[in-house]
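One-letter residues, chain by chain:
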Amino acid sequence: MLAPVPITASPLAGPKATPTATIIRSSSAVPTYPLADLGLMACRTIFLQLPPERMVEHALNRDEGILADTGALMCDTGNFTGRSPKDKFIVRDALTASRVNWGSINQSFDGEAFARLHQKMLAFLENQTVFVRYARAGAHPAYRLDVAVVTTKAWHSLFAHNLFIRPSEPELPTFSPDWTVLCIPEFEADPATDGTRQGNFTIVDFTRQIILIGGTGYAGEIKKGIFTVLNFLLPVKHSVLPMHCSANIDAEGKTALFFGLSGTGKTTLSADEGRRLIGDDEHGWVGNGHERQIFNFEGGCYAKVINLTAEREPQIFGAIRPGAILENTRFSPGTTTVDFANQSVTENTRVAYPLDFIPGAVQPSLANTPKHVFFLTADAFGVLPPLSRLTTEQAMNQFLLGYTAKLAGTEMGISEPVATFSACFGAAFLPLAPQEYADLLGERIQQSGATVWLINTGWTGGAFGTGSRIKLDYTRALVRAALAGELDNVAYKTHPIFGLSTPIECTGVPAHLLDPAKTWTDTTAYEKQAQTLADSFEKQLKSMK
C-alpha cells in the first residue's frame, strides 16, 4: 500500500515556504528530503518513485494514453513528435563561456533569464500533481550522475524509469540527485519576456545543474538533455569519450561499437542473436590506464518502430509488452493492435522499454574495451564500398564527418540524394568542439588497438533511383566476418578516390560487390560521382578544423 507522508524541508535548503504537498511514495526507503531542495513544497501531490504498473494506471486514469493489445502504453507527444534543436539552449556563464562550442547548435542563454524562468515553472506547479523519479545516468559508478526527473505526466515518469538506470532498493535511502530535469509540457514560455525563441524550450544550466523543458511532450528531450550534460562533463572532468552508438559483446567478452545516423542500420546490425546487447544509443569509453571500459549511459532503449516486424527486429518486437511505452503509433481500425506501417502522425514512431526487456542484455551495462568499431553510412550515391578498414587518421576523419545521405523524396525540395553530416554521429548533443571528441577517439583507438570499419548499408550499382540497396544479408555477412577475424588475413586494395582499404573477398558476399565501381555499368559516371562525394568530404572537414 502506498501511504501518503508529509513533506519535510531539508535542513540544507534554507528558508522555505510552509510545506503543503502530500507525498505518495513506493516505499519508506525512498527519501523525501531532496524534494524540498527541488522547490516542490507548494505542489498538491507528489507521486515519488512509483512502480511501473502504478504509473500506467495513473496515465490511463488521466487520459494520457491507451493500452495496446500487447499491454504496452501508447501515448501521443502532441505538437512535437521529435526534438526541436532550434529551441535548445545552454546557459552561458563562467563555467561554459570558454568551453562550449557556441553556434547554431549550442545557443547561449542568459543565466538570470534562466533563474526567472525556473521560478515561473515552479510557480506553475503550485497546487498541481507531479511525478518524481530518482534515476541514474551512467553504469560505471565512477562516472554516473544521480538525477531527479520531475514531470507533470505519469507516462513521462515511466519513460524516465525505462530509459535511465534504476537505483536498487538498498541504494535509495542515500540517494541525492546531482542534476534535476523539470519537464512541464503544459507550460509555455513567453519569448518576449523569457528569452526563448518560441513557447517550447529545452535549457541546460551546468552551474545550477538543472535542465528545464517546457511546451513539448516529446519525451526524447529528457534523455537527450542528460546526454548533452554527459557529453560536456565526461571529457572535461574525466577524459572519458562519450559516444552516440550502440554496443554489444560476444560469448568471449569481445566488445563491438556501432555508430550511425538514423536509417543506417545501427539498431538492426547491433541486434545480433549471437551477441549480447550492452546498449543501443549512448555509451562512454574510459581510457585511463588499465581501466579501459565501455559503459552504457542508460537503463533502457528508445527504438524507432516505423515498419517494425517480428521477423526483422524480433528483440524490439518482443519488448513491446506491459511497461513499455509506444509513442505516436496508431492502431489498425477497430482494434488495439498497432499498425507499425502507419505514419499518419510521424515517421518517428518509437518504443521505450527497460534494457532487461531484451533477452540476455548485459547488466550492469559494462564491457571490455572494444575490439571492433563500426561506422555505418547509408550512401545513397552508391559509390562507397560496402566495407572498408580504416587507419586511425581515417577513423578520426570519418568520425568528424558523421556522413550519411538524405534520399530523394524524403523532404520537400529534395529530388536527388543529399550528403548529410553530423559530427561524431551526434552533432546536436555536442557542447564541445567536435575535434575534442575526435582526438579522444584517436587516443582510444591507439590505446586499445581496436579495428575501425566503415560499412555502407546504402546503395550499389548506381545512386538511389538507379542502383539497388545493398542486401542486409550481405551487410550482416561482412560484419560477422569482421567480428570473427575472417578479414584479418585476406588481401586488400586501396580505393583510388577515397583512399579506403577494401577486402577483395568475403564469404557469403559476391566479390564484385566489394568493389563499387564494378557494380556500375558506366565506370566514368561512377568515378565522377565518387569524386564529387570525396570533394564534399574534404570541404566539410576543412570547415571543421
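This one's a predicted model, so the numbers in the text were calculated from it and none came from an experiment. Sequence order sets the numbering: in each chain, residues are counted from 1 along the sequence as written. Per-residue local features of the predicted model are confined to residues with pLDDT of at least 70, and side-chain atom pairs are confined, for both listing and counting, to 80 or more; whole-chain, interface and lining totals are unaffected and use all residues. By convention in this description, side-chain values take in all heavy atoms of the structure and omit both hydrogens and water.

## Quick look at helix 3 (residues 111-124)
Here's step 1: Runs of E in the DSSP output that reach at least two residues are strands. Runs of H or I that reach at least four are helices, and both are numbered from the N terminus. The span you would expect from a helix comes to 1.5 Å times its residue count less one. With 14 residues, helix 3 should cover 20 Å at 1.5 Å per step; its first-to-last C-alpha distance of 20 Å lies within 8% of that length.
Here's step 2: Residue exposure (1.4 Å probe, protein chains only): buried if accessible area is under 20% of the type maximum, exposed if over 50%, otherwise partly exposed. By the burial criterion, the buried members of helix 3 are Gly111, Ala113, Phe114, Leu117, His118, Met121 and Leu122.
Here's step 3: Working rule for contacts: check all heavy atoms of both residues, and any pair within 4.5 Å makes them a contact. The inward-facing, buried residues of helix 3 contact strand 6 (88-91), strand 7 (107-109), strand 10 (179-184), helix 5 (191-194), strand 11 (201-205) and strand 12 (210-214).

## Notes on empty space enclosed by the protein
Here's step 1: Computed over the protein atoms alone on a 1 Å grid, cavities are sets of points where a 1.4 Å probe fits but cannot get out and pockets are open sets with protein on both sides within 12 Å along at least five of seven lines; a residue lines them when it has an atom within 4 Å of a point. Grid points are joined across faces, edges and corners, and a volume is the space filled by probe spheres set on the points. For the coordinates displayed, the defined rule picks out two cavities of 30 Å³ or more.
Here's step 2: Considered as a void within the structure, the largest cavity measures approximately 40 Å³ in volume.
Here's step 3: Forming the walls of the largest cavity are Phe227, Asn231, Pro242, Met243, His244, Phe399, Cys424, Gly426, Leu430 and Tyr437.
Here's step 4: Elements supplying a minimum of two residues to the lining of the largest cavity: helix 6 (220-238) and strand 13 (241-249).
Here's step 5: Top element by residues in the lining of the largest cavity is strand 13. It accounts for three residues.
Here's step 6: Gly is put with the polar residues, along with every residue not named as nonpolar or charged; the nonpolar set is Ala, Val, Leu, Ile, Met, Phe, Trp, Tyr, Cys and Pro, and the charged set is Asp, Glu, Lys and Arg. Of the residues in the lining of the largest cavity, the class split is seven nonpolar, three polar and no charged.

## Looking at the side chain of threonine 268
Here's step 1: Here threonine 268 lies in helix 7 (residues 266-270).
Here's step 2: In this structure, threonine 268 is in contact with Arg312, Glu313, Leu472 and Arg476, ignoring residues within four places of it in sequence.

## A word on the pattern of salt bridges
Here's step 1: When a carboxyl oxygen of Asp or Glu is within 4 Å of a side-chain nitrogen of Lys or Arg, the pair counts as a salt bridge. In total, this model carries 22 salt bridges according to the counting rule given.
Here's step 2: With a closest N to O distance of 2.8 Å, aspartate 281 and lysine 224 form a salt bridge. Highlighted residues: aspartate 281 in the loop between strand 15 (276-279) and strand 16 (282-285) and lysine 224 in helix 6, separated in sequence by 57 residues. Grouping residues by exposure puts aspartate 281 and lysine 224 together as buried.
Here's step 3: Here the residues in one salt-bridge network are Lys223, Lys224, Lys266, Asp281, Glu282 and Glu298, joined through shared partners.

## Structural notes on the packing of aromatic side chains
Here's step 1: Working definition: a ring pair exists when centres of Phe, Tyr or Trp rings (six-membered ring for Trp) sit within 6.5 Å. Plane angles under 30 degrees give stacked, over 60 give edge-to-face, the rest tilted. This structure, assessed with the given rule, holds 27 aromatic pairs.
Here's step 2: Relative to tyrosine 302, the ring of tyrosine 218 has its centre 6.2 Å away and its plane inclined at 45 degrees; by these criteria the two rings are tilted. Of this pair, tyrosine 218 sits in the loop between strand 12 and helix 6 while tyrosine 302 sits in strand 18 (residues 300-304), placing them 84 residues apart in sequence. As far as the burial class goes, tyrosine 218 and tyrosine 302 line up, both buried.
Here's step 3: Taken together, a centroid distance of 5.5 Å and an interplanar angle of 45 degrees make the contact between phenylalanine 227 and phenylalanine 429 tilted. Here phenylalanine 429 lies in the loop between strand 25 (418-421) and helix 10 (434-448) and phenylalanine 227 lies in helix 6, a separation of 202 residues in the sequence. Phenylalanine 429 carries the same exposure label as phenylalanine 227, and that label is buried.
Here's step 4: One aromatic cluster is present, built from ring pairs that chain together Tyr143, Phe227, Phe295, Phe297 and Phe429.
Here's step 5: The positively charged end of lysine 224 is found above the aromatic ring belonging to phenylalanine 429, 4.6 Å away from the centroid. Here, a charge over a ring means that NZ of Lys or CZ of Arg falls within 6 Å of the ring centre while also lying within 35 degrees of the ring normal.

## Focus on the confidence of the model for the protein
Here's step 1: Per-residue pLDDT for the protein has a mean of 93; in total, 94% of the residues score no lower than 70.
Here's step 2: Ignoring residues within four places in sequence, the model shows residues 5-17, a span with pLDDT below 50, making 23 contacts including any to other chains.
Here's step 3: Within a predicted model, pLDDT stands for the predictor's per-residue confidence, ranging from 0 to 100. Residue range residues 408-414 is modelled with pLDDT below 50. Its contacts to residues more than four positions away, or to other chains, number nine contacts.

## As for the side chain of threonine 228
Here's step 1: On the secondary structure map, threonine 228 appears in helix 6.
Here's step 2: Dropping the residues within four chain positions of it, threonine 228 is found in contact with Lys88, Phe206, Phe429 and Pro431.

## Quick notes on the environment of aspartate 194
Here's step 1: Here aspartate 194 lies in helix 5.
Here's step 2: Spatially, the C-alpha atom of aspartate 194 lies 20 Å from that of glycine 39, the residues being 155 residues apart in sequence.
Here's step 3: With near-sequence residues (within four places) excluded, aspartate 194 lies in contact with Phe109, Ala113, Leu117, Lys120 and Ala189.
Here's step 4: As used in this structure description, the phrase polar contact means that two N or O atoms lie within 3.5 Å; if the pair is within protein, one of them must be able to donate a hydrogen and the other to accept it, and residues adjacent in sequence are counted only when both atoms belong to side chains. Only 3.0 Å separates the side chain of aspartate 194 from the side chain of lysine 120, close enough to count as a polar contact.

## Things to note about the nonpolar core
Here's step 1: Nonpolar cores were defined as sets of buried Ala, Val, Leu, Ile, Met, Phe, Trp, Tyr and Cys residues, with membership established by side-chain atoms within 4.5 Å. Trp179, Leu257, Phe259, Phe375, Phe399 and Phe498 are the most contacted members of the largest nonpolar core, which totals 101 residues.
Here's step 2: No other element matches helix 6, which puts eight residues into this core.
Here's step 3: Setting aside its immediate chain neighbours within four residues, leucine 257 contacts Met243, Cys245, Ser246, Ala247, Trp285, Ile294, Pro370, His372, Val373 and Phe374.
Here's step 4: Membership of the second largest hydrophobic core comes to 33 residues, among which are Ala21, Ala113, Tyr134 and Phe175.

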